[in-house]
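Inside the fold
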Amino acid sequence: MRSDITIVFDPRRSLDLSATVEPSPQRQAQAQDWFDGAWETLGCEPLRPSGKVLLLDKVLGVADALGYDTLSSDEKEAREFAENLALALERPRITVDLPGLTVGY
C-alpha cells in the first residue's frame, strides 16, 4: 500500500512524504507502539485538558516535536515517521495539519 503524506507546519512550510508499506495487524500494532515510544522519548505533552492522549494526538505531537528541519533534512527520520504513520492509519492519503491540530485522511 502506498500512502502520500503532507505535513503542514505553518502557512509557509509544509512537507510531502510518501511511504510504501505492507500492512498487517501486527505491523499496525508495532507502528502504534512506535508512536507511543516517540511520544515519550520526545517529551510530548497532551493536547487535551483532560490529559487523554489518542493516536492522532500522538501523531500531531511527534510531528511537531520532530519539526520541519528534522523531517526535511534527515531522510531516515522522515522515512521512519512516514512508514509508521502509513502503517498506523492504513490510509492512501494523510494530511497532518499542525496549526489546525488535525489529522485528515
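Before reading on, note that the structure itself is shown above.
What counts and how
- Residues numbered from 1 in each chain as written.
- Predicted model: local features only at pLDDT ≥ 70, side-chain atom pairs only at ≥ 80, totals over all residues.
- Heavy atoms only, no water.
- Pairing = 2+ DSSP bridges.
- Helix = DSSP H or I, 4+ residues; strand = E, 2+ residues; numbered from the N terminus.
- Axes fitted to C-alpha atoms, helices over the stretch in contact; angles between N-to-C directions.
- Contact = heavy atoms within 4.5 Å.
- Salt bridge = Lys/Arg side-chain N within 4 Å of Asp/Glu carboxyl O.
- Buried < 20%, exposed > 50% of the residue type's maximum accessible area, 1.4 Å probe, protein only.

The next point concerns the sheet that holds strand β2 (residues 13–20). Within the open sheet, the 4 strands sit side by side as β2-β1-β3-β4. Their pairing is mixed. Every other strand in the sheet has two partners, leaving β2 and β4 (102–104) as the edge strands with one partner each. Direction aside, the axes of adjacent strands within the sheet are offset by 15° on average. As judged from the 3 bridges shared by strand β3 (residues 93–97) and β4, these two strands associate in the antiparallel manner. Among the inter-strand pairings, Asp97 is bridged to a residue of β4, identified as Thr102. Packed on one face of the sheet, helix α3 (residues 75–89) meets β1 (2–10), β2, β3 and β4 and runs near 65° to β2.

Now for the pattern of salt bridges. Applying the stated criterion to the full structure yields 4 salt bridges. A salt bridge links Arg2 to Asp4; the nearest nitrogen and oxygen atoms lie 2.9 Å apart. Here Arg2 falls in the partly exposed class, since its relative accessible area comes to 48%. When the shortest N-O distance is used, the salt bridge between Glu75 and Arg79 registers 3.9 Å. You can see Glu75 and its partner Arg79 sitting in helix α3, 4 residues apart, about one turn around the helix. For Glu75, a relative accessible area of 63% puts it in the exposed group. For Arg79, a relative accessible area of 42% corresponds to the partly exposed category.

Bear in mind that shape data such as this cannot, by itself, settle questions of function.
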